[in-house]
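Remarks on the overall topology
One-letter residues, chain by chain:
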Amino acid sequence: MTVYAEILLPLPLNRTFYYTVPPDLAPAAVVGARALVPFHRRRLTGIIIGLKDEEPTFDFDLKGIERILDEKPFFSVSYLAFTKAASRYYFSAWGELLLSALPASFIFESRTRVRRTERGAEYAASDSAGPREKDLLLFLGEKTYSSTYLKRTLKISGLVSIINRLEKKGCLEVLTEVGKVKRRRTAAPSPSSLQMEMDYSLDEGLLQSIRPIVDSLSAGGFQPYLLRGPAAEREGIYRVLIQEARRRNKNVLFLSPEIAATEPWREALEKKIGLTVVPFHSRMTEKERELSWRSIRRGEAPVVFGPRSALFAPLDNLGLIVVDEEADESYMQWENPVFDARRGAWIRGQVERIPVVYGAHVPTVETLALVEEEGRVISFGSGGVRPSVQVVSSRSRKEILARPLITAVRRFLEQGEHILIFVGKRGFASYLICSACGFVPRCPKCRISLTYHKGIRRLVCHYCNIQQPQPDRCPSCGKGDLRGRGAGTEVVEEELKRLFPGRTVERFDSDTAGTSGKQKTLIRHFERGKIDILVGTRLLAHQVNLAPVTFLAVLNPEVMLTLPDFQAGQRAFLYLSRLIRFLDGEKKSLYMIQSDFPELPVIDRFAAGDTETYLAGEREFRELMGYPPSGQMIELLLSGDTPRSVSAASRLVLSRLKAETEGVEVLGPSFVSRARIAGLHKVQFVLKAPDRQEIDTVLPGILEGISIRKKVIVHG
DNA sequence: AGCACGCCGACT
DNA sequence: GTCGGCGTGCTC
């Protein structure tokens, strides 16, 4: 009896393929196993997701599986279900998502390799060879290269047809061989060793408040929780929860934003509760990744620890997922496959029917709303010792640094203290601001700040593409003119050097701290007191291992609000909150904010330590505009290397959107100005709908057959 | 995603 | 006349 296998392949296609299972492979062919299959003119690693006795009805003969790569299922049924649900949620191809989570060494593919023959060498020396043929043949020399490598490196147009022609003439040999896929390594980790204070003493009250989570561990079933409170208490709770899960013989997946921060945690957990904690992140070497995968697959990992990529750790028998520092933006993966590990953890928890615990001192409104609706929010801690926060106005002043700020800097320097100054450097977007009243032009429809396009001298909305000519006078007060604003680190550095001659002022930004070596040096110098004032950007804000200071200042954080993004306000508030940890809680510390708009809710409420009012305001804004969590918002990006291909695809998408988008508001297309990769043309649509259902019914059809590069960013 | 097939402009 | 550009379509 012949058996037929349904196989998922690593292709951007929302479909599967069928193969026959040769009798000798039948025992090994199980759901979840990897299979090497012939596909068109190549060979690919796929995953068996179904087996049938009946032949699927096709009017062509099926090909047979060539090899089964695993004796036991490589993926469990629940892992398959989870990745399928995640791919549906993020509109990505299941096969592509599933196989991209896998270490490259587990994937086999055939590759075409090109080699020059003797005749090819002679031909290259002769006059009859064309210039491009010569280039290719000379480049090849005696070595063999893959055709994709040649395409990337040589940049000869029509390379494929040249190869074909030379092959026919007998000048080249084209070979195919099956081998492991080599994947490009991601950037080196930014190393830092966070010395985390682990306070394991949980008081009775705290134990009582997490009782529901412990009950959920026993009862099973999906149940989301949000722990709102200081890090020290959260850590204690996690430790208890991990132990409770282990007592029930369940495994734990623990997500934490920074790779650098995970290592000390891992060590502490291993030491203090005697558990094997397996690290899992994308910056491990291929070998390490492979080892982690194998040990997790063998069930040797009771706790897996890592950043967003650890969401896809192949753990079985899961009992609990923890997402710490829930508000951290690094949970979002912006490149394909686009996903948000926070939401991914939610989906995995639903599939596995287990509790998911989010933790944050200041949560995102998205998670807060979701958990309030379907789970439980547990708040604790008084908010900890808060430094005194002082806001100084810099409105309508020409000086880069406000007087009271300079005075404070001087005072702390005289006390022998070392100072951190954070610059909300612009450079994400160009924007205009009124020099007199501080008015920032916003889109009347989307309420996000308009982006200034210098070339056309127009203000453009990044979401809906509404355009306005650059006004001569401020439309709000009629007096001032609109100009760009926002001093960068360099300007601030210069100013400080001028004001405080004899003091050491250093800059920590992508220029001076571009490599981890440079970062380490700067940090070491600061720690050793060799730097009096360190001026940094968000790059510094993300460093976790600075010894606490007694004074820090943030310059004009309102520039963050000019980002053309509905999350700009939240991001600014979270940024300000994050910096608190640089301050010494033991001593009398000062946190100073210089702003043109001290009255802005984000700044004003932060200074007052009034997170609740800020969160309420943020939710009100989201609700008013239909942004998440009050509505669904999806960004659809199309990119290609010619303007023509992009505009053709964009027209097609637009006509489809117009034809069948009941209940979905469509904004755009607008051009993506900050196309990071040079020479790439990008267009963006924004889709808004009250809930996912509308979008789910419409979007797959719209994306069908769009052959250029596309990216779907699902918010909320 | 690859990779081949197939149809129109500038050149050995 | 061919070469070689890239649109279009298919892969079990």
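Residues numbered from 1 in each chain as written. Chains lettered and ligands numbered in written order. Predicted model: local features only at pLDDT ≥ 70, side-chain atom pairs only at ≥ 80, totals over all residues. Heavy atoms only, no water.

Some details on the packing of aromatic side chains
Tallying each qualifying case throughout the model produces 26 aromatic pairs. Taking 5.1 Å as the distance between ring centres and 25 degrees as the angle between the ring planes, the aromatic pair formed by Phe58 and Phe60 counts as stacked. Judged by centre distance (5.2 Å) and plane angle (55 degrees), the rings of Tyr591 and Phe606 are tilted. Linking Tyr591 in strand β28 (residues 590–595) with Phe606 in helix α19 (residues 601–608), this pair joins segments that are 15 residues apart in sequence. (Phe/Tyr/Trp six-rings, centres within 6.5 Å; stacked < 30°, edge-to-face > 60°. Helix = DSSP H or I, 4+ residues; strand = E, 2+ residues; numbered from the N terminus.)

Digging into the sheet that holds strand β21 (residues 451–453)
Strand order in the open sheet formed by three strands is β21-β22-β23, with antiparallel pairing between adjacent strands. Unpaired on one side and paired on the other, β21 and β23 (467–469) mark the two borders of the sheet. This sheet shows a mean twist of 30 degrees between the axes of neighbouring strands, independent of strand direction. One ladder, built from three bridges, connects β21 with strand β22 (residues 458–460); its direction is antiparallel. Paired with Thr451 across the two strands is Val460, which belongs to β22. (Pairing = 2+ DSSP bridges. Axes fitted to C-alpha atoms, helices over the stretch in contact; angles between N-to-C directions.)

Observations concerning the nonpolar core
The biggest cluster of nonpolar side chains holds 106 residues, and the ones touching the most others in it are Leu420, Phe422, Leu552 and Tyr591. Looking at which element gives the most residues to this core, the answer is helix α18 (residues 568–579), with six residues. Leu552 has contacts with Leu420, Phe422, Leu579, Phe582, Leu583, Leu590, Tyr591 and Met592, leaving out every residue within four places of it along the chain. Among the nonpolar cores identified, the runner-up in size contains 28 residues, and Tyr225, Ile273, Val357 and Ile378 belong to it. (Core = buried A, V, L, I, M, F, W, Y, C linked by side-chain atoms within 4.5 Å. Buried < 20%, exposed > 50% of the residue type's maximum accessible area, 1.4 Å probe, protein only. Contact = heavy atoms within 4.5 Å.)

Digging into the side chain of Arg342
With respect to the helices, strands and loops of the structure, Arg342 is situated in helix α12 (residues 341–352). Arg342 sits in the buried class, given a relative accessible area of 12%. A polar atom in the side chain of Arg342 sits 3.4 Å from the backbone oxygen of Asp328. (Polar contact = N/O pair within 3.5 Å; in protein donor to acceptor, adjacent residues only side chain to side chain.)

Description of α19
For α19, the complete set of buried residues consists of Val602, Ile603 and Phe606. In a view along the axis of α19, the buried residues occupy a sector of 95 degrees, so they form one face of it. Looking at the buried positions of α19, the neighbouring elements they touch are β18 (388–393), α18, β28 and α20 (611–625). (Arc of directions from axis to C-beta.)

Some details on the environment of Arg211
Structurally, the position occupied by Arg211 is in helix α8 (residues 211–219). A residue is classified by how much of its surface remains accessible, and Arg211, at 42% relative accessible area, is partly exposed. C-alpha of Arg211 to C-alpha of Leu241: the two residues are 30 residues apart in sequence and 9.8 Å apart in space.

A word on the protein's contact with DNA strand B
Neighbouring DNA strand B are Leu11, Pro12, Leu13, His40, Arg41 and Arg42. Protein-proximal atoms of DNA strand B, defined as those within 4 Å of the protein, fall in sugar or phosphate at a share of 47%. In this structure, a base nitrogen belonging to DNA strand B sits 3.4 Å away from a side-chain N or O atom of His40. In the model, a base nitrogen of DNA strand B is placed 3.1 Å from a nitrogen or oxygen of the Arg42 side chain. (Near = heavy atom within 4 Å.)

Brief notes about the sheet that holds strand β31 (residues 681–689)
Backbone-to-backbone hydrogen bonds join strands into a sheet, with any given pair of strands oriented parallel or antiparallel. Within the open sheet, the four strands sit side by side as β30-β31-β29-β32. Their pairing is antiparallel. Two strands bound the open sheet, and with one partner strand each, they are β30 (665–671) and β32 (709–715). Each strand axis lies, on average, 15 degrees off the axis of its neighbour in the sheet, ignoring direction. Bridge analysis of strand β29 (residues 632–640) against β31 gives nine bridges, and the strand direction is antiparallel. The partner of Gly640 across the bridge, within β31, is His681. This element, helix α21 (residues 643–659), spans β29, β30 and β31 of the sheet and lies at about 15 degrees to β31.

So, the pattern of salt bridges
Here the structure, examined in full by the defined rule, presents 30 salt bridges. Arg571 is the salt-bridge partner of Asp565, the closest N and O atoms lying 3.0 Å from each other. A relative accessible area of 11% places Arg571 in the buried class. The partner of Asp610 in a salt bridge is Arg605, with the nearest N and O atoms 2.9 Å apart. Assessed through its relative accessible area of 22%, Arg605 is described here as partly exposed. Connected through shared salt-bridge partners, Glu329, Arg538, Asp565 and Arg571 make up one network. (Salt bridge = Lys/Arg side-chain N within 4 Å of Asp/Glu carboxyl O.)

Structural notes on the domain arrangement of chain A
Here chain A is partitioned into domain 1 (3–106), domain 2 (111–177), domain 3 (204–379), domain 4 (388–427 + 488–622) and domain 5 (632–715). Tallying the contact residues gives 13 residues for domain 3 and 16 residues for domain 4. Carbon and sulfur atoms supply 53% of the area buried between domain 3 and domain 4, which totals about 1,200 Å² over both sides. Taken as a group, Glu329, Val362 and Val365 account for 41% of the area that domain 3 buries against domain 4, more than any other trio of residues on that side. (Domains from an automatic or database assignment. Buried area = accessible area lost by both parts, 1.4 Å probe.)

Considerations on the packing of helix α13 (residues 365–374) against α20
Here α13 crosses α20 at 85 degrees, and the two axes come no closer than 10 Å. Between α13 and α20, the crossing angle belongs to the class labelled roughly perpendicular. Taken together, the residues of α20 that come into contact with α13 (itself represented by Val365, Glu366, Leu368, Ala369 and Glu372) are Leu615, Glu618, Arg619 and Arg622. Classifying every residue of the contact of α13 with α20 by side-chain character gives four nonpolar, no polar and five charged. (Parallel < 35°, antiparallel > 145°, perpendicular 65-115°, else oblique. Nonpolar A, V, L, I, M, F, W, Y, C, P; charged D, E, K, R; others polar.)

With respect to the packing of α8 against helix α9 (residues 231–247)
It is at 10 Å that the axes of α8 and α9 come closest, and there the two elements cross at 20 degrees. The orientation of α8 relative to α9 falls into the category roughly parallel. In this structure, α8 meets α9 at a crossing whose hand is right-handed. Between α8 and α9, the contacting residues are Ile213, Val214 and Leu217 on the first element and Leu241, Glu244 and Ala245 on the second. (Left-handed = near helix turned anticlockwise from the far one by under 90°.)

Some details on the pairing of strand β26 (residues 533–536)
Of the two faces of β26, the one holding Ile533 and Val535 and the one holding Leu534 and Gly536 are both buried throughout. By the bridge criterion, four bridges tie strand β19 (residues 419–423) to β26 in an arrangement that is parallel. Within the sheet, the bridge partner assigned to Ile419 lies in β26 and is Ile533. Between the parallel elements strand β25 (residues 505–508) and β26, the chain passes through helix α16 (residues 516–527) in a crossover that is right-handed. (Right-handed = clockwise from strand over helix to strand, strands pointing away.)

What about the state of the cysteines?
Applying the stated criterion to the full structure yields zero disulfides. The thiol of Cys446 is unpaired, and the distance to the nearest cysteine sulfur, on Cys464, comes to 3.8 Å. (Disulfide = S-S within 2.5 Å.)

Thoughts on unusual backbone geometry
Here the residue pair Asn336 and Pro337 is connected by a cis peptide bond, since its omega of -5 degrees sits within 30 degrees of zero. By the secondary structure assignment, Pro337 is in the loop between β14 (332–333) and β15 (339–340). With omega at 5 degrees, the peptide bond leading from Pro628 into Pro629 counts as cis. Position of Pro629 relative to the elements: it lies in the loop between α20 and β29. For Asn249, which is not a glycine, the phi torsion comes out positive at approximately 60 degrees. Relative to the helices and strands, Asn249 is located in the loop between α9 and β10 (251–255).

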